[in-house]
Amino acid sequence: MTIGAGVFTATPASAAGRVAIENVADELFLTADGDVLLTGKYNGADQDWVLISPPGAATGVYQIQLDGTKRCVKAVANNDVQMANCAANPGKPQRWKVDLSGRARPIESRQYPGHVLHNDAGLVGLRPAGHDLNEQKWLPGRPPLG
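Residues numbered from 1 in each chain as written. Predicted model: local features only at pLDDT ≥ 70, side-chain atom pairs only at ≥ 80, totals over all residues. Heavy atoms only, no water.

1. Here's the deal with the overall build of the protein chain
Next up, step 1: In terms of helices and strands, the protein chain carries zero helices and 14 strands.
Next up, step 2: Taking contacts inside the protein chain between residues at least 6 apart in sequence as the whole, the part at least 24 apart equals 48%.
Next up, step 3: A total of about 7100 Å² of accessible surface is found on the protein chain, and carbon and sulfur atoms cover 49% of it. (Helix = DSSP H or I, 4+ residues; strand = E, 2+ residues; numbered from the N terminus. Contact = heavy atoms within 4.5 Å. Areas by Shrake-Rupley, 256 points an atom, 1.4 Å probe, with all protein chains shown as cover.)

Quick look at the structure:
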């Protein structure tokens, strides 16, 4: 499956490799800028992620770590996410249900069940899951080439 102009090909990701996470609404990628999560054009610098299956986590639940750092996505309130130091054995604030089937799906917080990552005009936060909102659909896959 190809999104947009064919820059990104959705291939099911594996927990062992890097992934880029594309938002369906603006066809931009999950990006870290300090503690803030945004979407932006793919440049690789702050847009490659590693999905880590924490000890004892259910199938499909991951810690989302910025590649090459010790920083992870953390739910800090039922309407807010930020980057934080990765926990060795993360609790629910750093656990996310991620669909790696190659389909664009919501990324759900385990801290706030029913709340998902939401792209609000380029600023990423946490919102209650809506009915088929593209702003809440994310497509994890291999990072785009070049």
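Alright, that's what it looks like, and here's the rest.
2. Let's talk about the pairing of strand β5 (residues 36-40)
Next up, step 1: In the sheet, strand β4 (residues 29-33) pairs with β5 via five bridges, with the strands oriented antiparallel. Along β5, the bridge assignment pairs F29 with G40.
Next up, step 2: Counting the residues that bridge the hairpin from β4 to β5 gives two residues, and of these G34 lies at a positive phi of roughly 65°. (Pairing = 2+ DSSP bridges.)

3. Re the packing of aromatic side chains
Next up, step 1: According to the stated counting rule, one finds one aromatic pair in the structure shown.
Next up, step 2: Ring geometry for F29 versus Y42: centroids 5.4 Å apart, planes at 70°, classification edge-to-face. With F29 in strand β4 and Y42 in the loop between β5 and β6 (49-52), the pair connects residues that are 13 residues apart, well separated along the chain.
Next up, step 3: Note on Y42: relative accessible area 23%, which makes it partly exposed. (Phe/Tyr/Trp six-rings, centres within 6.5 Å; stacked < 30°, edge-to-face > 60°. Buried < 20%, exposed > 50% of the residue type's maximum accessible area, 1.4 Å probe, protein only.)

4. A word on unusual backbone geometry
Next up, step 1: The phi dihedral of E27 is positive, around 55°, even though this residue is not glycine.
Next up, step 2: Looking at the secondary structure, you find E27 in the loop between β3 (18-23) and β4.
Next up, step 3: With relative accessibility at 39%, the residue E27 sits in the partly exposed group.
Next up, step 4: Unusually for a residue other than glycine, A121 sits at a positive phi of about 55°.
Next up, step 5: With respect to the element layout, A121 can be found in the loop between β12 (115-120) and β13 (123-128).

5. Comments concerning the nonpolar core
Next up, step 1: Grouped together as the largest cluster of nonpolar side chains are 22 residues, with contacts concentrated most on W49, I64 and W96.
Next up, step 2: Of all the secondary structure elements, the ones that give two or more residues to this core are β3, β4, β6, β7 (61-66), β8 (71-77), β9 (80-85) and β13.
Next up, step 3: For this core, the element with the highest residue contribution is β7, accounting for three residues. (Core = buried A, V, L, I, M, F, W, Y, C linked by side-chain atoms within 4.5 Å.)

6. Quick look at the side chain of H115
Next up, step 1: Checked against the element boundaries, H115 lands in strand β12.
Next up, step 2: What makes H115 buried here is its relative accessible area of 17%.
Next up, step 3: H115 has contacts with N78, I107, E108, S109, L126, R127, P128 and A129, leaving out every residue within four places of it along the chain.

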